[in-house]
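Fold and geometry: a report
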Amino acid sequence: MAHLWGSGFFLFFIFATTNPCFGCLEHERQALTQFKNSLTSDPSNRLSSWTGNNCCQWLGVGCHNATRRVTRLDLRTDAEQLQGSELSTSLSELTHLSYLDLSGNYFGGGPIPEFIGLMTRLEFLNLSSVGFSGVVTHQIGKLSSLRVLDLGDHQGGSLELIVDDFVWVSGLLSLEYLDLSRVNVSGARDFDKVLWNLFEGEFPLFLQNLTSLRVLDLSANKLNSSIPVMNNVVEINLASNRFSGIQETEAWRLCELKQLDLSFNYMEGPLTMSSACSRYGLERLILNDNKLSGEIPATLERLTSLRGLYLDYNMLTGTIPESLGNLTSLTELVLSGNQLMGPIPTSLGNRAVLRRLDLSENVLNGSIPFSIGRLPNLEILYLSFNSLSSIPFSIGNLSELKFLDLSSNLLQGPLPDSIGQLSKLQFLDISNNSLSSVVTEAHFANTSALIHLAATSNHFLNLKISPNWKPPFQIRNVLLGSCKIESEFPPWIQTQKNLAILILSNTSLYGALPDWLHGLPVIAILDLSHNFLNGPLTNLPFNKTTNTTKLVKPSMTFIERLADYERVSRLLLLKNNLFNGSIPDSLCNTADLVILDLSRNMLSGNLPDCFGNFSDLMVLILSSNRLSGTIPTSLGKLGSSIQWLHLNNNSFHGELPETLSNCTSLDVLDLGENRFSGTIPKWIGEKIKYLVVLRLHNNNFTGQIPEQLCQNTDLQIMDFGENNLTGEIPRCFENIRGMTGGDSNLYFFGGFEQSVIQVMRGVPLEYTTIMRYVVNLDLSSNNLVGKIPKELTSLSGLLGLNLSNNHLTGRIPEKIGDLGSLMSLDLSANDLSGMIPQSMSSLSFISHLNLSYNNLSGRIPTGNQLQTLVDPWIYAGNNGLCGSPLPKSCSRNETSPENMDKDDDDDDVERIWIYAIASGFSTGFIGFVGILVLIKRWRLAFFKFWRFM
């Protein structure tokens, strides 16, 4: 709608005047009062001024100076809505109204009322994003004075306006601005008079008859034909339609057009420019988010009036043409998200009027040209995600620069201290580079406007700041992770009262947290992980609140570059330090925490009973500390918000409280390396349906594995190793779909380091970034008995299977080779017997195999990946085995695995069959002999027959 105000600019001066000396007409005051009374909600009390007799002084109301008639009603909003069940008909009493803007409010979701057509003096009508639905009333066509009409939906609402025909539009001969974005016109009649033909996508040619039309918005439709020549139209918005290529639009015929928006059409092919016009008036060309390919044509220099060129997020290649430097009026150049290569043209430094330059997300290389420093009006410079190598000292000459993003390049060498002269700089991001210099106070000498500073992952950047330094700024975000600070907690932080994000992870900080830190407002995202900080946690800023809405709803235009942090409101990350003592109860004052990671410290004592206060907590990681005691029942108050719970590698004991069954949204539950006891609760399978990781490794759990766990069908990791479990392995494990391959249901959100430890290939490994791809079943070192269920062979997604150190008997399942993804298989130290199935040679990815110390016999199978596993210890302790890699050779009559491999279940079937035959034969034989003994005639006949045989 920004360009709408340009078209209606004169209306703000004509109709905004009010006369404080006289009141408005009584019947119009009553009409406005009735409108106010019809509202069901005014959350911000916007109409609180609507009292008294002089309605001309009411908010949003404007009157004519001489007649005192209400001529203007402006109640537009982008935030809190006025709401009513319908639009009050009392507005029809305002017969002299020429300006009506109700955009962004809500009036019941019904159709546009018919009485709008009675306001014949209307020149400006904005009903966009009001939530009207149904067929647009044809009465609007009677508003012959209308110059601006906006019925579009700019907020993507669920209700839908419908146009059934467009004959009425032809009556709006004074119309200069028309916005019908996201209006459904697919069922409109009279194809020669409609905006969109459902079958052919033809452009509405009748619009050429609207000779006063200057601004046309038909975005979010399904047009795909050429744009007709409309000589008086200066702005056309056709974003989100179905144009297939720039040439098909025939846009180059529109010689006098000043603004053309064809973004989000997914147009393909080259960006070609014809010579239909001797001169072009185009000032803004918006072609972003298409699939345009090839090089940027040098002929674009013919667009001599061009002020804004937006080609971002296409598939353009080649170099940036030097000829773009000839566009003397260019103020905004956006080429991000392409595949452009080569150096940045030095000619761009000749465009003194350039205010925005965005070349990010390409493959540009070389140094940032010195000529960049000759752009005195430049406010935005985005060069991130390229392969640029150095920063020129001249960058300090950009006196108007507000946003500078050079992140994720190959920048080396020093950071010029001339940056400290950028007095208007608000956003500075140099993260993910290889800058190597000492950063001092000089780099921030005059940066009084700085709000955001990011320099993460510059491992050779050393911050040497005087402990007495007083920064010129009040900063909001400080991201210095993986730089070198190598000092105690920076004293200058205590001068900052507006901190929302403070990331000082992996900066070699040491010592205790200073006392003054306790007095700061709560910092929304505080990351001090991977340092050498020690002492208690009592000095963390727990006791005051801060306005975290400035993080969730920022007004800064650069917030899209902080997407990982925009989704959360509170993070506290202290992982991998030397903090000691107990977890203070004051931590529970920060009830809006979303992620809490205190892992890998030396914290001790019991968990605070107040953890249940964290109503928004999604991730709780307390692993690898010295915490003890039982899990407080209040932890179950975390309820459905908690998704990741890591308490592993501590000294917790006792049974799991049943209140944890309230945590129904858990994806990861890691309680390994503790002293928990009792049976594995059945409610884990009955109540917590979305578990992907269940890790109880190295505890004191007893009893059988409950079959209810088979209801956790999303499980990818089940680790019960090193407990005291008994009974058989449940056959229903075949129901666990998460172990059969396919997409993982483990949701990763930014802000913390995800990890899980699994014994794979015989050693414990920590999986971090690839955690969601790990599929492992570990039941090792228990007291399990019985056979290996053949149903386990259906878990085709398993990467690891460890059943070692149990009392399993019977044979290895014949179809073990169906576990085609298996990389690690450990069945050692059981009582397995029989031959090794030949199908095991089908395990193409197996790299760790341990079958030692069983009662296996016969020839070791060969072929494929098994040929690479030549360590004889794989088969040690099986005296009946022979063949490579064992020194014992097999004899000629040694039965091969393919002839002998059968599951124990199959053996049982064969045994029953043999017994049945034998039993039948015996019964029949005894009966036959008995007949011969009892019947003499039969006996004589039988022996006579036998003699002649």
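Definitions and cut-offs
Residues numbered from 1 in each chain as written. Predicted model: local features only at pLDDT ≥ 70, side-chain atom pairs only at ≥ 80, totals over all residues. Heavy atoms only, no water. Helix = DSSP H or I, 4+ residues; strand = E, 2+ residues; numbered from the N terminus. Expected span 1.5 Å × (residues − 1). Buried < 20%, exposed > 50% of the residue type's maximum accessible area, 1.4 Å probe, protein only. Arc of directions from axis to C-beta. Contact = heavy atoms within 4.5 Å. Phe/Tyr/Trp six-rings, centres within 6.5 Å; stacked < 30°, edge-to-face > 60°. Lys NZ or Arg CZ within 6 Å of the ring centre and 35° of its normal. Pairing = 2+ DSSP bridges. Axes fitted to C-alpha atoms, helices over the stretch in contact; angles between N-to-C directions. Patch = residues over 30% accessible without salt bridge, like charges linked within 9 Å, V, L, I, M, F, W, Y side chains within 5 Å. Areas by Shrake-Rupley, 256 points an atom, 1.4 Å probe, with all protein chains shown as cover. Salt bridge = Lys/Arg side-chain N within 4 Å of Asp/Glu carboxyl O. pLDDT = per-residue confidence, 0-100. Polar contact = N/O pair within 3.5 Å; in protein donor to acceptor, adjacent residues only side chain to side chain. Disulfide = S-S within 2.5 Å.

Turning our attention to helix 3 (residues 26-38). Between its terminal C-alpha atoms helix 3 stretches 18 Å, which fits the 18 Å expected from 13 residues at 1.5 Å a residue. Burial in helix 3 covers these residues: Glu 28, Arg 29, Ala 31, Leu 32 and Phe 35. Angularly, the buried residues of helix 3 cover 160 degrees about the axis, an arc narrow enough to put them on a single face. Residues of helix 3 that are buried in the fold lie against strand 1 (39-41), strand 2 (61-63) and strand 3 (70-74).

Tallied over the entire structure, the rule returns 13 aromatic pairs. Through successive ring pairs, a cluster of aromatic residues spans Phe 35, Trp 50, Trp 58 and Phe 107. Over the ring of Tyr 773 we find Arg 772; its NZ or CZ atom is 5.7 Å from the centre of that ring.

The next point concerns the pairing of strand 51 (residues 756-760). Burial along strand 51 is one-sided: the residues Val 756, Gln 758 and Met 760 are buried and none of Ile 757 and Val 759 is. Relative to strand 52 (residues 763-767), strand 51 runs antiparallel, the two being bridged by 5 bridges. Counted as the bridge partner of Val 759 is Pro 764 from strand 52. Between the end of strand 51 and the start of strand 52, which pair antiparallel, lie 2 residues, with Arg 761 showing a positive phi angle near 60 degrees.

Once that is clear, we can look at the pairing of strand 50 (residues 724-727). Alternating positions in strand 50 separate cleanly, Leu 725 and Gly 727 being buried on one face and Asn 724 and Thr 726 remaining unburied on the opposite face. Inspection of the sheet shows strand 48 (residues 700-704) paired to strand 50 by 3 bridges, in the parallel sense. Bridged to Thr 702 within strand 50 is Asn 724. Across 2 bridges, strand 50 lies against strand 54 (residues 783-787) in parallel orientation. Its bridge partner being in strand 54, Thr 726 is matched across the sheet by Asn 783.

Moving on: the sheet that holds strand 18 (residues 315-317). Spatially, 14-16-18 is the arrangement adopted by the 3 strands of the open sheet, whose pairing is parallel. Only two strands of the sheet have a single partner each, and these edge strands are strand 14 (268-270) and strand 18. On average, each strand axis in the sheet is inclined to that of its neighbour by 15 degrees, with strand direction left out of account.

Bringing the sheet that holds strand 24 (residues 387-388) into the picture now. Reading across the sheet, the 3 strands line up as 20-22-24 and stay open at both edges, with parallel pairing between neighbours. In the strand order of this sheet, the two ends are held by strand 20 (341-342) and strand 24, each with one partner. Sheet topology note: the strand 22 (residues 363-366)/strand 24 ladder contains 2 bridges and is parallel. Residue pairing across strands places Asn 365 opposite Ser 387, the latter belonging to strand 24.

Together, Tyr 510, Phe 532 and Leu 578 line one region of the surface with nonpolar side chains, adding up to about 300 Å² of accessible area. Examined against the element boundaries, Tyr 510 turns out to sit in strand 34 (residues 510-512).

As a general rule, the predicted coordinates of low-pLDDT regions are not to be interpreted in detail. Overall, the predicted model of the chain reaches an average pLDDT of 85, with 85% of residues at or above 70. Residue range residues 190-200 is modelled with pLDDT below 50. Its contacts to residues more than four positions away, or to other chains, number 30 contacts. The low-confidence segment residues 898-949 (pLDDT under 50) makes 33 contacts with residues lying over four places distant or belonging to another chain.

This part covers the side chain of Asn 386. Mapped onto the fold, Asn 386 is located in the loop between strand 23 (380-382) and strand 24. Using a relative accessible area of 7% as the deciding quantity, one classes Asn 386 as buried. Of note is the side chain of Asn 386, whose polar atom sits 3.1 Å from the backbone oxygen of Leu 383. Leaving out residues up to four positions away in the same chain, Asn 386 has contacts with Leu 359, Ser 360, Glu 361, Asn 362, Val 363, Leu 364, Ser 408, Asn 409 and Leu 410.

All told, the structure shown has 6 disulfides when counted by the stated rule. The partner cysteine of Cys 24 in its disulfide is Cys 55, sulfur to sulfur 1.7 Å. Of this pair, Cys 24 sits in the loop between helix 2 (9-15) and helix 3 while Cys 55 is found in the loop between strand 1 and strand 2, placing the two residues 31 residues apart along the sequence. Disulfide partner of Cys 710: Cys 732, at an S-S distance of 1.9 Å. On the sign convention where negative means left-handed, the S-S torsion of about 65 degrees between Cys 710 and Cys 732 marks this disulfide as right-handed. In this pair, Cys 710 sits in the loop between strand 48 and strand 49 (717-719) while Cys 732 sits in the loop between strand 50 and strand 51, placing the two residues 22 residues apart along the sequence. Accessibility assignment for this pair places Cys 710 and Cys 732 in one class, buried. Once the disulfide-bonded cysteines of the chain are ranked by sequence position, their pairing pattern turns out to be 1-2, 3-4, 5-6, 7-8, 9-10, 11-12.

Under the counting rule described, the total for this entry stands at 18 salt bridges. The partner of Arg 355 in a salt bridge is Glu 332, with the nearest N and O atoms 3.4 Å apart. Here Arg 355 is found in the loop between strand 20 and strand 21 (356-358), whereas its partner Glu 332 is found in strand 19 (residues 332-334), with 23 residues between them in sequence. The class of Arg 355 is partly exposed, set by a relative accessible area of 33%. For Asp 670, the salt bridge is made with Arg 695, and the minimal N-O distance between the two is 3.0 Å. With Asp 670 in strand 45 (residues 668-670) and Arg 695 in strand 47 (residues 693-695), the pair connects residues that are 25 residues apart, well separated along the chain.

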